[in-house]
Amino acid sequence: MKKIIFINALIFVFLLFLIEIFFGYWFDANNFGILMKKQRLHKSEYKVKFDGKEYQHFYKRNFYGFRGDDVDPKYKKIIFIGGSTGNQRFTPEELTIVGQLNTELRNNGIDQSIFNASMDGKSTFGIINDFK
């Protein structure tokens, strides 16, 4: 009986190893989940019109899934989370909620930045689950 359990466990570990090889990153320290895999290291160009003015901008998400350029996470003290209304994919960075808040912080001499971690399709339950 012990031999059968041992052989089954060995086969299970071997199959798990094969799955990891083909699908990857399940055991990686920087695995942020299946939804975040699609959002990381993303860059798209958009042309949009706001108030009669045309903007051409790049929507970027960095390695850690934050909107914008790469910054070491240890320097992030204020994080903005939400769904598509917070992400504002089609809005130039300086016109987003976070962009406008960061402008106000700089104008008031506050040496902090807000980092946008919003992601399209996130519900309140999903956001709470991210913290777990």
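Please refer to the structure higher up on the page.
Residues numbered from 1 in each chain as written. Predicted model: local features only at pLDDT ≥ 70, side-chain atom pairs only at ≥ 80, totals over all residues. Heavy atoms only, no water.

> Describe unusual backbone geometry, naming the residues involved and giving the relevant values.
Trans is the prevailing form of peptide bonds, just as negative phi is the prevailing case for residues other than glycine. Phi is positive for Asp-51, close to 50°, though the residue is something other than glycine. Here Asp-51 lies in the loop between strand E1 (42-50) and strand E2 (53-61). The residue Gln-88 is not glycine, and still its phi comes out positive at about 50°. For Gln-88, the location among the structural elements is in the loop between helix H3 (84-87) and helix H4 (97-107). (Helix = DSSP H or I, 4+ residues; strand = E, 2+ residues; numbered from the N terminus.)

> How would you sum up the side chain of His-57? Please name residues and give values.
Tracing the backbone through its elements, the reader meets His-57 in strand E2. Residue classification places His-57 among the buried positions, given a relative accessible area of 8%. If we ignore the near neighbours within four places in the chain, the residues touching His-57 are Ser-44, Glu-45, Tyr-46, Val-48, Arg-67, Arg-89, Phe-90, Thr-91 and Pro-92. (Buried < 20%, exposed > 50% of the residue type's maximum accessible area, 1.4 Å probe, protein only. Contact = heavy atoms within 4.5 Å.)

> Describe the pattern of salt bridges, listing the residues and the values that go with them.
Here the structure, examined in full by the defined rule, presents three salt bridges. Of the charged contacts in the structure, one is a salt bridge between Lys-60 and Asp-69, with a shortest N-O distance of 2.5 Å. Looking at Lys-60, the relative accessible area reads 27%, which means it is partly exposed. For Glu-93, the salt bridge goes to Arg-67, with nearest N and O atoms at 2.9 Å. Remark: Arg-67 occurs in the loop between E2 and strand E3 (78-80) and Glu-93 occurs in the loop between H3 and H4; sequence separation between them is 26 residues. Residue Glu-93 is classed as partly exposed on the basis of its relative accessible area of 31%. (Salt bridge = Lys/Arg side-chain N within 4 Å of Asp/Glu carboxyl O.)

> Give a detailed account of the packing of aromatic side chains, specifying residues and quantitative values.
Each aromatic ring pair is summarised here by two numbers: the centre-to-centre distance and the angle between the ring planes. Applying the stated criterion across every chain yields a total of five aromatic pairs. Of the aromatic side chains, those joined through ring pairs into one cluster are Tyr-46, Tyr-59 and Phe-90. Between Lys-43 and the ring centre of Phe-58, over which it is positioned, the NZ or CZ distance is 4.7 Å. (Phe/Tyr/Trp six-rings, centres within 6.5 Å; stacked < 30°, edge-to-face > 60°. Lys NZ or Arg CZ within 6 Å of the ring centre and 35° of its normal.)

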